[in-house]
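Working through the structure, step by step
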Amino acid sequence: MGQTSHQQPRITVAVRAPWTSLLTYTVPTAAPPLGTIVQVPLGKTQTVGIVWDTPAQKNAPQKDSPQKSPLQESSPQEDKINLREIGAMLDIPPVSAGFRRFLAQASDWTMTPLGGIIGAVLPRDVWARPPKHPRQRKKPDDEAVIPPSPQAVHTLTPAQRAGVATLAAAARAKTYRAFALTGAPGAGKTDVYFGALAACLAQGQQGLVLMPEISLTSQWIDRFTAHFGFAPCVWHSSLTPAKRREAFRASTTGEAAVIIGARSALFLPLARPGLIIVDEEHDSAYKQEDTMTYHARDLAVARALGENIPVILTSATPSIETVVNLRQGRYHAVHLPSRPLGRAPPKLHIIDQRPHRGAIISPPLRAAIDRAIGAGTQALLFINRRGYAPVTLCQACGHRLECQRCDARLIHHKAEGQLRCHLCGYHCPLPLACPSCGTSGDLIPYGLGVERVAAAARQMFPSARLMALSSDLLSARNETLKAITDGQVDLIIGTQLLAKGHNFPLLAVVGIIDGDAGLDTADFRGMERAFQLLGQVAGRAGRNETIGHAFVQTYQPDHPVIRALVSDAPKAFIDQQITEREKAGLPPFARLATITIAGRQEGPVRTFCEKLVRTKPAAKGMNKGIKVFGPAPTPRTRIGGWIRWRFLLQTARQGRLQPYIRQWLPPRPPAQLRLRVDIDPYSFL
């Protein structure tokens, strides 16, 4: 297999390997069709890849050949090396040219070698071990399962019917268009895009629905099943290997009509893609910052364009990027101005905490909770901090306990008797004495976390059925959410997990404990995120027959974010944010990228950064207008024991930073260092 003959056909394969793009192999007979999934030798191991190109198409690309990414490596000079032969063709349908175009674009944009993208498309657990009893694969369109007709659940409003008509027509047209489906929380956006899904399924196509928190979508799945009469296929990283193989098979063969998943579902090869929906498109959870860095919302639009299908972005609080795309005509608007059945939005009440300082739950909020529970409805207390307290300090010397591996304070988790770092996972028991001064008994928790708010609520409302929710406290999430929906809980205390599209029919009162969290930050997206989060949480109240009230406790009642919530006129706030970003040359009116260099010791990191400064390309010609700032230590310089320095790059919106970065950076950093490029970064810590 190590020898090659000039008569043997040759193919290039996008191999599942994070460091490469395309490798050339021979085939024993005729070349397999483009897009075929094949097993190939790589070093001393076997891996898989996608047949990407053939010699016949190098000089004259055919219709089915995707445009190559600048990151793809040129094929070796075949007359001078021995090529290896491919192995078996896997029992997975070939991927389409449109999907391969999307993968090439994702590789180019994120600056990830194509092999790293293939790792997301073909995760090892879906091909390394075939099922014990493989099923007969269904043929394409003619034998695909046709799902049952959707069931009418309730009457739509005129605005909803108009939205369904617009989106369903786009789904039937089978061509690319991008839509932003907006409206207040509880306005019925899900019912509208269900109409688009129904039209997609009626055409024999598949629908892909992305959600920011797949582990909290049980309500959505129940609602979908009641509406359509069948359950969607679920895809996320927490599935068992067997369930992932089954979900992958159903998606790639077309047996699964609708797939719902977290951001990784974006890379599922679908047999007949017809529609992509990004629910809660504003959510920062769509930003992937480990290994390959990308924003799933933006790549969803790129995939829809590559596959020539419509995409729908939904949110009650759309991102500024989406708002600007709407105003500039790149996206088409579908807006729901009010809640169905004449239901009023929740009444917003601002509680100035200055007269109530020291009170976790202020008297006005306590009275509202008492009224809600007394009336047989529910109340929710929101605090966006896990644990009991964000700081543990020594009253004797003022020392604050910090992580040994990160520039971060340890979070006190009282239920576990532990101090935890939420950045690297380090944890330790609460010490008996201060590690700085040695004083015993003077370590106290300072600040508010969800556990501390829950403890205060238990004392204040001893007879209430109380439940606390956060990623630390919640084990059986689906059962917990069902208990809330069924009215088995009076008072809910939770973090941002509760702000992501849940519908609690009995929820009458929402209390935001710390409305000031996130208001004062140097991050240019900070105020936007705070506004979105507060608006989403407040919107949980009064979504059904119950009249809703939302209370925001704040020490800054005149802050622009708080004023925008109270006035119920977010347009002026968003307009101001857009104006400020345009003046400052910030996204979406500019392109940003970060280059982060990390090492165990600061010396090698500093030396490598100084070398990059010396070799930085000039900002002229095609590089004109590119600005480079730094290097400088990141605000949290040490995370997990790694010292991090960073460059920030900026250019105009129509510019591209990727060619400049490729021209600048070496193929690989020194062995003891890590280098990461993030195009359109969302985190600057």
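Quick caveat, the model's predicted, so the values are computed rather than measured.

Cut-offs and rules
- Residues numbered from 1 in each chain as written.
- Predicted model: local features only at pLDDT ≥ 70, side-chain atom pairs only at ≥ 80, totals over all residues.
- Heavy atoms only, no water.
- Helix = DSSP H or I, 4+ residues; strand = E, 2+ residues; numbered from the N terminus.
- Buried < 20%, exposed > 50% of the residue type's maximum accessible area, 1.4 Å probe, protein only.
- Contact = heavy atoms within 4.5 Å.
- Pairing = 2+ DSSP bridges.
- Axes fitted to C-alpha atoms, helices over the stretch in contact; angles between N-to-C directions.
- Core = buried A, V, L, I, M, F, W, Y, C linked by side-chain atoms within 4.5 Å.
- Salt bridge = Lys/Arg side-chain N within 4 Å of Asp/Glu carboxyl O.
- Phe/Tyr/Trp six-rings, centres within 6.5 Å; stacked < 30°, edge-to-face > 60°.
- Lys NZ or Arg CZ within 6 Å of the ring centre and 35° of its normal.
- Expected span 1.5 Å × (residues − 1).
- Arc of directions from axis to C-beta.
- pLDDT = per-residue confidence, 0-100.
- Polar contact = N/O pair within 3.5 Å; in protein donor to acceptor, adjacent residues only side chain to side chain.
- Disulfide = S-S within 2.5 Å.
- Parallel < 35°, antiparallel > 145°, perpendicular 65-115°, else oblique.
- Left-handed = near helix turned anticlockwise from the far one by under 90°.
- Nonpolar A, V, L, I, M, F, W, Y, C, P; charged D, E, K, R; others polar.

**Quick word on the overall build of the protein**
Summing up its helical and strand segments, the protein has 16 helices and 28 strands in all. Going through the 685 residues of the protein one by one, you find that 53% of them count as buried. If you take every contact in the protein between residues at least 6 apart in sequence, the share linking residues at least 24 apart comes to 74%.

**Considering the pairing of strand β8 (residues 258–261)**
The alternating pattern of β8 places Val258 and Ile260 on one face and Ile259 and Gly261 on the opposite face, and all of these are buried. Of the pairings in the sheet, the one linking strand β6 (residues 206–210) to β8 comprises four bridges and is parallel in character. Across the sheet, Val209 pairs through a bridge with Ile260, a residue of β8. With three bridges joining them, strand β7 (residues 233–235) and β8 adopt parallel strand pairing. Residue pairing across strands places Trp235 opposite Gly261, the latter belonging to β8.

**Examining the sheet that holds strand β27 (residues 642–652)**
Pairing is antiparallel across the open sheet formed by four strands, whose spatial order is β26-β27-β25-β28. Pairing within the sheet leaves two strands with one partner each, and these edge strands are β26 (627–639) and β28 (673–679). Going across the sheet, the axis of each strand differs from the next one's by a mean of 20°, ignoring polarity. Across seven bridges, the pairing between β26 and β27 is antiparallel. Within the sheet, the bridge partner assigned to Pro633 lies in β27 and is Trp645.

**Section: the nonpolar core**
Ranked by size, the top nonpolar core spans 51 residues in total, and within it Ile50, Phe102, Leu103, Leu122, Leu210 and Phe267 carry the most contacts. By residue number, the principal contributor to this core is helix α7 (residues 296–307), which donates six residues. Not counting the four nearest positions on each side in its chain, Ile50 is found in contact with Thr12, Val13, Ala14, Gly35, Thr36, Ile37, Val95, Arg100, Leu103, Ile118, Val121 and Leu122. Counting residues in hydrophobic clusters, the runner-up holds 34 residues, among them Ala170, Val192, Phe224 and Leu336.

**Details of the pattern of salt bridges**
The tally for this structure, following the rule as stated, stands at 23 salt bridges. Note that Asp523 is salt-bridged to Arg529, the shortest N-O span being 3.0 Å. Of the residues examined, Asp523 reaches a relative accessible area of 19% and is grouped as buried. Here Asp680 ties to Arg591 by a salt bridge, and the two come within 3.9 Å at their closest N and O atoms. Here Asp680 is found in the segment after β28, whereas its partner Arg591 is found in strand β25 (residues 590–599), with 89 residues between them in sequence. Each member of the salt-bridge network shares a partner with another, and the members are Glu321, Arg525, Glu528 and Arg581.

**Some points on the sheet that holds strand β17 (residues 411–413)**
Here three strands make up an open sheet; going across it, the order is β17-β18-β19 and the pairing antiparallel. Strands at the two margins of the open sheet, each flanked by one partner only, are β17 and β19 (427–429). For this sheet, the mean inter-axis angle between neighbouring strands, taken without regard to orientation, is 30°. Here β17 runs beside strand β18 (residues 418–420); their pairing, made up of three bridges, is antiparallel. Across the sheet, residue Ile411 finds its bridge partner in β18, namely Arg420.

**Here's the deal with the packing of aromatic side chains**
Counting across every chain of the model gives 16 aromatic pairs. The rings of Tyr193, Phe194, Trp220, Phe224, Phe228 and Phe230 are connected pair by pair, giving a single aromatic cluster. Above the face of the Tyr682 ring, Arg525 is positioned so that its terminal group lies 3.8 Å from the ring centre. We note Arg674 situated over the ring of Trp642; from NZ or CZ to the ring centre the distance is 3.7 Å.

**Overview of helix α15 (residues 602–614)**
With 13 residues, α15 should reach 18 Å at 1.5 Å per residue; the first-to-last C-alpha distance of 19 Å fits that figure. Along α15, the residues that are buried comprise Val605, Phe608, Cys609 and Leu612. All buried residues of α15 fall inside an arc of 100° around its axis, so they share one side. Considering only its buried residues, α15 is in contact with β25, β26, β27, α16 (658–664) and β28.

**Things to note about the confidence of the model for the protein**
The pLDDT averaged across the protein works out to 86; a share of 88% of its residues lies at or above 70. Long-range and interchain partners of residues 1–5, a stretch whose pLDDT sits below 50, account for 15 contacts in this model, where long-range means more than four residues apart.

**Digging into the side chain of Glu307**
Note on placement: Glu307 falls in helix α7. Within the local environment of Glu307, its side chain forms a polar contact with the side chain of Ser96, the two groups lying 3.5 Å apart. Among residues more than four places away in sequence, those in contact with Glu307 are Ser96, Gly98, Phe99 and Pro273.

**Remarks on the pairing of strand β2 (residues 22–26)**
Buried residues dominate β2, accounting for four of its five residues. Taken together, the five bridges between strand β1 (residues 10–15) and β2 define a ladder with antiparallel strand orientation. Among the inter-strand pairings, Ala14 is bridged to a residue of β2, identified as Leu22.

**Description of the state of the cysteines**
Scanning the model with the defined rule gives zero disulfides in all. Among the cysteines around Cys403, which has no disulfide bond, Cys424 carries the closest sulfur, lying 3.7 Å off. Take Cys403: its relative accessible area is 4%, and that puts it in the buried class. Free cysteine Cys428: the closest other cysteine sulfur is in Cys403, separated by 8.7 Å. For Cys428, a relative accessible area of 16% corresponds to the buried category.

**Section: unusual backbone geometry**
With glycine set apart, most residues show a phi of negative sign, and most peptide bonds adopt trans. Cis geometry marks the peptide bond from Pro587 to Pro588; its omega dihedral reads 10°. With respect to the secondary-structure elements, Pro588 resides in the loop between α14 (570–584) and β25. A cis amide bond links Gly630 to the next residue, Pro631, at an omega of 15°. Positioned with a positive phi, Glu280 is a non-glycine residue whose angle comes to about 55°. Its place among the elements puts Glu280 in the loop between β9 (273–278) and β10 (287–288). By relative accessible area, Glu280 is classed as buried at 12%.

**What about the environment of Asp678?**
Mapping Asp678 onto the fold places it in strand β28. Given the relative accessible area of 1%, Asp678 is considered buried. In terms of polar contacts, Asp678 uses its side chain to reach the side chain of Lys287, at 2.8 Å.

**Looking at the environment of Ser238**
Tracing the sequence through the fold places Ser238 in the loop between β7 and α6 (241–253). Here Ser238 falls in the exposed class, since its relative accessible area comes to 63%. As for Ser238 and Ile214, which are separated by 24 residues in sequence, their C-alpha atoms are 9.4 Å apart.

**Considerations on the packing of helix α1 (residues 97–110) against α7**
Remark: α1 packs on α7, axes separated minimally by 8 Å, with the N-to-C direction vectors making an angle of 140°. In terms of orientation, α1 and α7 fall into the oblique class. When the axes of α1 and α7 are compared, the crossing they make is right-handed. Contacts from Gly98, Phe99, Arg101, Phe102, Gln105 and Ala106 in α1 reach Leu299, Ala302, Arg303, Gly306 and Glu307 in α7. Here the contact of α1 with α7 is composed, by residue class, of five nonpolar, three polar and three charged.

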